[in-house]
Amino acid sequence: RAEYWPVLRNSLPDLFEVFDFADPSMVTGRRDESVIASQSLALLNQPRMASWSQQAAQRVLAFSESEEPRIDYAFRFTVGRVPSTGERDAIMRFLKQAPVKQSLDASDAHEPSLEVWRSIMQSVFASIDFRYLD
């Protein structure tokens with residue numbers, strides 16, 4: 001998904017190396033493909049991914065007041081599909097167990113915090129559906 005990033009031959013970003021980026025000093029017509037645990041771990045631990053997840057979480061929270069439309073929207077704009085029943089159920093369980101934001105306004109006393117939604121978005125970004133296009 002980072003097709004147009006500039007590449008310096010002597011210093012590839014760590015994220016490129018994890019995702020089988022072709023050797024920039026060689027002419028390569030085909031890229032190796034692999035799915036390994038370090039790819040998901042890189043997406044979960046990269047500071048840049050945390051920042052992008054936070055921005056995505058803000059977008060999701062602004063979309064709707066209720067959780068089900070937020071979940072559907074998060075999946076549609078991130079991976080281009082609605083979540084499966086299992087994915088939706090897992091996120092709903094996570095939201096029910098997550099701490100709620102502290103607010104003096106009683107109307108949003110049960111609203112999950114931005115940090116909770118950042119975690120959800122980061123997990124969607126780390127999913128196989130985000131990494132590979134059909």
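Structure first, text after, so check above.
Residues numbered from 1 in each chain as written. Predicted model: local features only at pLDDT ≥ 70, side-chain atom pairs only at ≥ 80, totals over all residues. Heavy atoms only, no water.

1. Thoughts on the overall build of the chain
Across its full length, the chain holds seven helices and zero strands. The secondary structure elements of the chain, listed N-terminal to C-terminal, are α-α-α-α-α-α-α. Counting only residues that meet the buried cut, the chain has 32% of its 134 residues in that class. Summarising the internal contacts of the chain: among those between residues at least 6 apart in sequence, 56% fall at separations of at least 24. When the accessible area of the chain is evaluated, it comes to approximately 9,100 Å², of which 53% is carbon and sulfur surface. (Helix = DSSP H or I, 4+ residues; strand = E, 2+ residues; numbered from the N terminus. Buried < 20%, exposed > 50% of the residue type's maximum accessible area, 1.4 Å probe, protein only. Contact = heavy atoms within 4.5 Å. Areas by Shrake-Rupley, 256 points an atom, 1.4 Å probe, with all protein chains shown as cover.)

2. Overview of the packing of aromatic side chains
Aromatic ring pairs are defined here through the distance separating the ring centres and the angle between the ring planes. For the structure on display, the rule yields three aromatic pairs. Between F63 and Y73, the aromatic rings sit 4.0 Å apart at their centres with planes inclined by 0°, giving stacked as the arrangement. A residue pair is termed long-range when its members are at least 10 positions apart, and F63 in helix α3 (residues 47-63) and Y73 in helix α4 (residues 67-79) qualify at ten residues. Overall, the relative accessible area of 15% leaves Y73 in the buried class. Geometrically, the ring pair formed by F125 and F130 is tilted, given 5.0 Å between the ring centres and 45° between the ring planes. (Phe/Tyr/Trp six-rings, centres within 6.5 Å; stacked < 30°, edge-to-face > 60°.)

3. Structural notes on the nonpolar core
L95 and W117 are the most contacted members of the largest nonpolar core, which totals 22 residues. When contributions to this core are tallied by element, the ones reaching two or more residues are α3, α4, α5 (85-97) and α6 (114-125). Among the elements that take part in this core, α6 stands out by supplying six residues, more than any other. (Core = buried A, V, L, I, M, F, W, Y, C linked by side-chain atoms within 4.5 Å.)

4. Digging into the pattern of salt bridges
Tallying each qualifying case throughout the model produces six salt bridges. The salt bridge involving R88 is made with E68; its shortest N-O contact spans 3.4 Å. In this pair, R88 sits in helix α5 while E68 sits in helix α4, placing the two residues 20 residues apart along the sequence. Residue classification places R88 among the buried residues on the basis of a relative accessible area of 17%. When the shortest N-O distance is used, the salt bridge between E87 and R81 registers 2.9 Å. By relative accessible area, E87 is classed as partly exposed at 25%. Note on R81: relative accessible area 27%, which makes it partly exposed. A single salt-bridge network, built from bridges that share partners, covers E68, D72 and R88. (Salt bridge = Lys/Arg side-chain N within 4 Å of Asp/Glu carboxyl O.)

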